[in-house]
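Architecture at a glance
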Amino acid sequence: MQPVMAHRIAEWGRGRPAPPWELMVCPTHRCNLRCGICARTWEGATAEPLRDELSEERWLHLVEEAAAMGVRYLNIGGGGEPTLRRELVLRMCAKAKASGMEVHLQTNGTTLTQDDLDGLIDLRLDYITVSVDGPTAEINDAIRFKNAYAETVKRIEWLNTLKKRRRSSIPHLQVNIVVTALNYNVLDTMVDFCVGHGVEYLSAKTLLEYSPDMKAYILSAEQQSALPGEIENAIARARAVGLSNNLDSLLSASGATKCIGAFGTGTVVDKMPVSFAQVRCLEPWRGIVVSSSGHVAPCCFFWDGTADSIRDQSLHDVWHGPYLTSFRRQLQRGELPEPCKTCGFPDSHEHRRLADCLAQALESKGKEYPSQVGLLGKAWNSLRRHGLRASLRRYQEWRAIRRALYDESEKP
């Protein structure tokens, strides 16, 4: 849906501030685990405000506000385990789906029951991402906690069994891995784990250093040198078995590692072009993150206790409010906050594709969605190159994008 996101973001470039495409919410900062790679394990009292959680009523009303603004995608995750507020999460999912949003639940997977999974299938939830940090119990549990592998794989198997029994293709199952010194050299094996367990997408993230005590997880200089080759092997393996992934986000555009281990280890970018289509990162125009305390952020890497809050303001007001407005202007001036200087996400294929779509949207004249004839031509070319099954899937995706672009274009 990147062409559709780009169409909405392009409105900013035309002087017409648009609503967010995505709303990410973090209903709680509490968790049932203490993983060594998690910020919660090392942050001490610095995140005390995050423990002052918003009420269930406010979270549910936030979903209503998002629907009224035209938000298309609700992402439920956070620094804690969202399913610890199980009833709230299920009600938010139901309300968002009833409003026509796509909904994504991110979880460590260990608290989900079969009834929970059955209910999410009933709601037609779109995506579930489960955290797995190694293809074996030995690797995964050394990073996370004892018996984590068995508990998580059990939930994955439950979901696959229930989907098969219910003849449902959704929720689509995704796995997230954080790259550390203990798993950087098994990324290709992780691809095989995903294929063998019915996982449709592998998401990989870099480790952020929160404490000097995390030394066991931080890549050494030698390991960082070897990492690009490990990533390339994993990308090749994923391509061979047809597993969708974001492994390229671990590499910079030049093939060097970026933000591996801690802020400050990547390439620092001091200045960027001020042209809207060339800003370093489009996240502050694409969506908004709301923490457990109600404070807002431009992406999930930020926490600022002085930011605007939905506790006493509407979603509309904080989206167009002074905090995010100032942040966007800072990026357009090429003045990157410290976390942005070493973040590798803007170099990922996902972000580069969105930036390309944005450039096309800003340059286009008139309607920005393909005609039916154009779709048929694309389908025919795809049929010759990719075969019937892949072409049918691509054609369905193109039709969905065309419909969404039409809806965006026809809005006043």
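Residues numbered from 1 in each chain as written. Predicted model: local features only at pLDDT ≥ 70, side-chain atom pairs only at ≥ 80, totals over all residues. Heavy atoms only, no water.

Looking at the pairing of strand β4 (residues 127–131)
- Buried residues dominate β4, accounting for four of its five residues.
- Of the strand pairs in this sheet, strand β3 (residues 102–107) and β4 are connected by four bridges, and their pairing is parallel. Residue Leu105 lies in a different strand from β4, and its bridge partner there is Ile128.
- Taken together, β3, helix α5 (residues 114–122) and β4 constitute a β-α-β crossover, and its handedness is right-handed.
- In terms of strand pairing, β4 meets strand β5 (residues 172–179) through five bridges, oriented parallel. (Buried < 20%, exposed > 50% of the residue type's maximum accessible area, 1.4 Å probe, protein only. Helix = DSSP H or I, 4+ residues; strand = E, 2+ residues; numbered from the N terminus. Pairing = 2+ DSSP bridges. Right-handed = clockwise from strand over helix to strand, strands pointing away.)

Remarks on the packing of α5 against helix α7 (residues 148–166)
- The contact between α5 and α7 brings their axes to 10 Å, and the two run at 45°. By the criterion of interaxial angle, the relationship of α5 to α7 is oblique. Along this stretch, α5 crosses α7, giving a crossing that reads as right-handed. Between α5, through Gln114, Leu117, Asp118, Ile121 and Asp122, and α7, the contact on the second element is made entirely by Arg155, Trp158, Leu159, Leu162, Lys163 and Arg166.
- Residue composition of the contact of α5 with α7, grouped by class: five nonpolar, one polar and five charged. (Axes fitted to C-alpha atoms, helices over the stretch in contact; angles between N-to-C directions. Parallel < 35°, antiparallel > 145°, perpendicular 65-115°, else oblique. Left-handed = near helix turned anticlockwise from the far one by under 90°. Contact = heavy atoms within 4.5 Å. Nonpolar A, V, L, I, M, F, W, Y, C, P; charged D, E, K, R; others polar.)

Digging into the pattern of salt bridges
- Counted by the stated rule, this structure contains 20 salt bridges.
- The partner of Arg14 in a salt bridge is Glu11, and the shortest N-O contact between them spans 2.8 Å.
- The residue Asp192 makes a salt bridge to Arg237 at a minimum N-O spacing of 2.8 Å. With Asp192 in helix α8 (residues 187–196) and Arg237 in helix α9 (residues 221–241), the pair connects residues that are 45 residues apart, well separated along the chain.
- When its relative accessible area of 35% is taken as the criterion, Arg237 is described as partly exposed.
- Here the residues in one salt-bridge network are Glu11, Arg14 and Arg16, joined through shared partners. (Salt bridge = Lys/Arg side-chain N within 4 Å of Asp/Glu carboxyl O.)

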